[in-house]
Amino acid sequence: MDGADLELFERSLRHATGNHTGAALDAALEELGWRDALDVDPRAAVSLLFELQGAANAASSALGHVVLGAIGVEHGPGGVVLPAPGRWAPPGELRDDRLAVAGLGTAALAAQERALVVARSDGKDVALVVPTAELALRPVEGIDPWLGLVQVTGDPIAVDTAPQPVPGWTAAVALAQVALGHELVGAARTMLDLAREHALERVQFGQPISRFQAVRHRLAETLVAIETAGAVLDAAWLDRAPGTAAMAKALAGRGARTAARHCQQVLAGIGFTTEHVLHRYVRRVLVLDELFGAARTLTRAQGDELLTSRTLPALLPL
């Protein structure tokens, strides 16, 4: 997209994410042609939507489309099963002609007649299309019910069609991690804005608390964490390496948790109440951090890879 188109696209997405969530946001994205933009300019489509979505605390089924488009299976269905929380391995396991599924789905999965399940079979990734009716879908409540995720299970499911080879599971995982990284950064930026505004307005001992060194240090550390994550996300788009995508997701998750912790402290008592919107963002980043690998898990996995390979990764593009 050129500059004018990109500006119009961003403005349209900002309006959609600021005014809609859930099924209404899915409909707005369909009307805007977001999925066409995903095919034409993945970086613009993913980075803009997910960061704005995180900033507005909105939810959509876009993550499923991102994964489905990157998997590389021809004639794919409208829905896809995502990995279980904390994992990035395929959500299915195929043994002989029996399929076991344990993963997640977006809210729109229930409306699809068929779902794509990527499974491990004899050490390889394969894809199978199964009727959604054969899967057990349970809405995920818990910390963030507004995100609209569903738990997907099925065991055993009889398979009567030949599985397809999956050329792009690693690429799909990397793109999903980058998308979630942008959403985490968007949420963290909004939390920082909320804390900053409060610090400027809240007066103690005759002056705004923004003048207190402890408050300034917390806000500054939050900003550094956010900008660090944003820089690595940019690098992940440039080198397209799975390791960089995992690193970006890990830093975004850690940065968002840093933002939640420091901004909660700056907001003090009001930040603990449901009157203030901060709790919605804290809930959201706790869940997003777990999708396609949490910050701690991804960091540990990369450390194990370095110890095993005894080689350092290539320098990130500057």
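Residues numbered from 1 in each chain as written. Predicted model: local features only at pLDDT ≥ 70, side-chain atom pairs only at ≥ 80, totals over all residues. Heavy atoms only, no water.

Draft legend 1. Quick look at the packing of helix α5 (residues 62-71) against helix α6 (residues 169-201). Relative orientation of the contacting elements α5 and α6 amounts to 150 degrees, with a least axis distance of 8 Å. Between α5 and α6, the angle is such that the two are roughly antiparallel. You can see that α5 and α6 cross each other, and the crossing is right-handed. Of the residues in α6, those touching α5 at Leu 63, Val 66, Val 67, Ala 70 and Ile 71 are Trp 169, Ala 171, Ala 172, Leu 175, Ala 176 and Leu 180. Its residues placed into classes, the contact of α5 with α6 shows eleven nonpolar, no polar and no charged. (Axes fitted to C-alpha atoms, helices over the stretch in contact; angles between N-to-C directions. Helix = DSSP H or I, 4+ residues; strand = E, 2+ residues; numbered from the N terminus. Parallel < 35°, antiparallel > 145°, perpendicular 65-115°, else oblique. Left-handed = near helix turned anticlockwise from the far one by under 90°. Contact = heavy atoms within 4.5 Å. Nonpolar A, V, L, I, M, F, W, Y, C, P; charged D, E, K, R; others polar.)

Draft legend 2. View of the packing of helix α8 (residues 242-271) against helix α10 (residues 295-309). Where α8 contacts α10, the two axes come as close as 8 Å, and the packing angle between them is 145 degrees. Judged by the sense of rotation from one axis to the other, the crossing of α8 with α10 is left-handed. Residue-level contacts link Gly 243, Ala 246, Met 247, Lys 249, Ala 250, Gly 253 and Arg 254 of α8 to Ala 295, Leu 298, Thr 299 and Gln 302 of α10.

Draft legend 3. Inspection of the pairing of strand β6 (residues 124-131) at higher detail. Examined bridge by bridge, strand β5 (residues 114-121) and β6 share eight bridges and lie antiparallel to one another. Residue Ser 121 lies in a different strand from β6, and its bridge partner there is Lys 124. Turn length for the β5-β6 hairpin, with the two strands adjacent in sequence and antiparallel, is two residues, and the turn residue Asp 122 shows positive phi of about 55 degrees. (Pairing = 2+ DSSP bridges.)

Worth remembering: the numbers are spatial, not functional.
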